[in-house]
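A look at the structure
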Amino acid sequence: MANSGQKVVLITGCSSGIGLRIAVTLAKDEKKRYHVIATMRDLKKKDKLVEAAGDAYGKTLTLLPLDVCSDESVKQCINNVKDRHIDILINNAGVGLLGPVESISIEEMKKVFETNFFGVVRMIKEVMPDMKKRRSGHIVVMSSVMGLQGVVFNDVYTASKFAMEGFCESMAVQLMKFNIRLSMIEPGPVHTEFETKMMEDVAKMEYPGADADTVRYFKDVYLPSSIDIFEAMGQTPDDIAKNLTNSLYTPIVALKYADETGGLSVNTFYNLLFNFGPLMHITMSILKCLTCSCLRRRTISPN
Ligand SMILES: NC(=O)C1=CN([C@@H]2O[C@H](COP(=O)(O)OP(=O)(O)OC[C@H]3O[C@@H](n4cnc5c(N)ncnc54)[C@H](OP(=O)(O)O)[C@@H]3O)[C@@H](O)[C@H]2O)C=CC1
Ligand SMILES: CC1=C(/C=C/C(C)=C/C=C/C(C)=C/C=O)C(C)(C)CCC1
């Protein structure tokens with residue numbers, strides 16, 4: 001249970017990745033400013049979190065089951081929080097979806113929106129009224145660079161994050177009137193199970209309904225570039241938990257704001273992918289070398 005003076009933080013999707021690292025980082029705060037309620041839809045997956053939390057488990061970190069896709073689960077979880085008092089809600093749970101749109105069923109697309117968009121809306125609807133009554137609170141939403149800018153073959157995932165950006169940008173104004181802050185986090189690529197799950201899904205894909213050229217562009221052009229980008233620019237979940245932005249990805253997003261017609265982003269991405277593919281591979285390899293310490297180490301110790 002939280003001590004008086006401690007902020008109660010509820011986080012969704014803590015079984016792995018960014019949610020797990022944020023939960024552990026806040027629970028291990030040296031000044032013990034937070035009581036973390038780490039939630040996950042399947043408590044059988046708690047071991048990694050419990051191990052990472054160490055001594056904080058049962059003290060500044062407690063666990064509750066929560067599936068953001070279920071009205072009942074969300075209500076039950078919030079009712080299990082003392083006085084339903086949550087100071088900071090971190091909407092982190094999310095799923096990816098990759099591939100040619102022709103091969104993806106509408107049902108699969110709806111599942112992504114059910115988690116990434118309606119999951120967040122469901123959480124905010126349940127927690128916000130109590131925050132409004134108290135005239136205090138902070139809602140954090142894990143969006144993505146893909147909430148700011150479309151990325152080829154991530155069409156539906158991108159759309160779900162754009163939808164959330166629009167929802168939150170609108171909500172932020174009335175929330176401000178109730179002294180409730182709303183923040184969005186927009187990470188670039190992060191090495192988590194998100195990446196692994198997507199690659200596993202891709203390996204199983206059979207591409208029904210997609211023509212041979214589209215499948216080739218996806219498998220032989222997009223996927224290798226995406227792997228290069230993850231390798232060169234990928235952050236760790238710990239970087240995100242410590243609020244470190246991705247300076248390598250910033251110029252990519254800046255293209256959108258440099259030309260409000262959107263043409264600059266679309267043309268640049270097209271050229272990067274279809275005209276300068278091999279060059280991009282070399283650039284990413286150099287970038288990877290510059291950002292790791294191998295070149296620097298070699299300069300310092302020639303042996
Ligand atoms: N990794 C990346 O490159 C980036 C990720 N993001 C965003 O960060 C967030 C976290 O992703 P990340 O840590 O990378 O990926 P992970 O796959 O490691 O974590 C996702 C978490 O969401 C949970 N989750 C999925 N569906 C539900 C649900 N219905 N109810 C409750 N929890 C659910 C998963 O639980 P379970 O184990 O049960 O599946 C898991 O704990 C997502 O919103 C993602 O869109 C943003 C930018 C980049
Ligand atoms: C291939 C490719 C790109 C890929 C970007 C990727 C792969 C970004 C991944 C972001 C993630 C995983 C966000 C999660 O929310 C760019 C840079 C747009 C340039 C054009 C070619």
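Residues numbered from 1 in each chain as written. Chains lettered and ligands numbered in written order. Predicted model: local features only at pLDDT ≥ 70, side-chain atom pairs only at ≥ 80, totals over all residues. Heavy atoms only, no water.

In the vicinity of ligand 2 there are 16 residues, among which Ser144, Met146, Tyr157, Ile229 and Phe230 approach most closely. Interatomic distance of 2.6 Å between a side-chain N/O atom of Ser144 and an oxygen atom of ligand 2. Notes on ligand 2: free accessible area 540 Å², of which the protein chains cover 96%. Per-element tally for the shell around ligand 2: the top contributor is helix 8 (residues 212–233), with five residues. (Near = heavy atom within 4 Å. Polar contact = N/O pair within 3.5 Å; in protein donor to acceptor, adjacent residues only side chain to side chain. Areas by Shrake-Rupley, 256 points an atom, 1.4 Å probe, with all protein chains shown as cover. Helix = DSSP H or I, 4+ residues; strand = E, 2+ residues; numbered from the N terminus.)

Contact pair helix 4 (residues 106–116) / helix 6 (residues 155–177): the axes reach a minimum separation of 9 Å and the direction vectors enclose 30°. Here helix 6 runs roughly parallel to helix 4, going by the angle between their axes. At the point where helix 4 passes helix 6, the crossing takes the right-handed sense. Where helix 4 abuts helix 6, its residues Met109, Val112, Phe113 and Asn116 lie against Val156, Tyr157, Ala159, Ser160, Lys161, Ala163 and Met164. Of the residues contributing to the contact of helix 4 with helix 6, the split by class is eight nonpolar, two polar and one charged. (Axes fitted to C-alpha atoms, helices over the stretch in contact; angles between N-to-C directions. Parallel < 35°, antiparallel > 145°, perpendicular 65-115°, else oblique. Left-handed = near helix turned anticlockwise from the far one by under 90°. Contact = heavy atoms within 4.5 Å. Nonpolar A, V, L, I, M, F, W, Y, C, P; charged D, E, K, R; others polar.)

A contiguous nonpolar surface patch, about 290 Å² in accessible area, is contributed by Tyr217, Tyr270 and Phe274. Inspection of the secondary structure assignment puts Phe274 in helix 11 (residues 263–275). The exposure class assigned to Phe274 is partly exposed, which follows from its relative accessible area of 33%. (Patch = residues over 30% accessible without salt bridge, like charges linked within 9 Å, V, L, I, M, F, W, Y side chains within 5 Å. Salt bridge = Lys/Arg side-chain N within 4 Å of Asp/Glu carboxyl O. Buried < 20%, exposed > 50% of the residue type's maximum accessible area, 1.4 Å probe, protein only.)

In total, this model carries 12 salt bridges according to the counting rule given. For Arg21, the salt bridge identified is with Asp238, shortest N-O distance 3.1 Å. Of this pair, Arg21 sits in helix 1 (residues 17–27) while Asp238 sits in helix 9 (residues 237–241), placing them 217 residues apart in sequence. Residue class for Arg21 comes out partly exposed when judged on its relative accessible area of 27%. By relative accessible area, Asp238 is classed as partly exposed at 24%. Through salt bridges with shared partners, one network takes in Lys75, Arg84, Glu126 and Asp130.

As a matter of local geometry, ligand 1 sits amid 31 residues, with Ser15, Ser16, Tyr157, Thr192 and Lys197 nearest to it. Here an oxygen atom of ligand 1 and a side-chain polar atom of Arg41 are 2.8 Å apart. Protein contacts shield 97% of the accessible area of ligand 1, which totals 900 Å² for the unbound molecule. When residues of the shell around ligand 1 are traced back to their parent elements, those giving at least two are helix 1, helix 6 and helix 7 (193–204). Per-element accounting of the shell around ligand 1 gives the leading share, three residues, to helix 7.

Moving on: the UniProt feature "binding site: substrate" (unreviewed entry) in the chain. Summarizing the sequence annotation, UniProt attributes the feature "binding site: substrate" (unreviewed entry) to Ser144 in the numbering used throughout. In this structure, Ser144 sits in the loop between strand 5 (137–142) and helix 6. Those residues in contact with Ser144, other than ones at most four positions away along the chain, are Tyr157, Lys161, Glu165, Ile185, Glu186 and Pro187. One polar contact links the side chain of Ser144 to the main-chain amide nitrogen of Met146, over a distance of 2.8 Å. (UniProt positions renumbered as here; feature names shortened; annotations may be inferred.)

Looking now at the sheet that holds strand 3 (residues 61–65). The strand order 3-2-1-4-5-6 describes an open sheet built from six strands, whose pairing is parallel. At either end of the open sheet lies a strand with only one pairing partner, and these are strand 3 and strand 6 (180–185). Sheet twist, expressed as the average angle between the axes of neighbouring strands with direction ignored, equals 20°. When strand 1 (residues 7–11) meets strand 4 (residues 88–91), the two strands line up parallel, connected through three bridges. Within strand 4, the residue paired with Leu10 across the bridge is Leu89. Together, strand 1, strand 2 (34–40), strand 3, strand 4 and strand 5 form the strand contacts of helix 1, whose direction differs from that of strand 2 by roughly 160°. Against the sheet, helix 6 engages strand 5 and strand 6, with an angle of about 160° to strand 6. (Pairing = 2+ DSSP bridges.)

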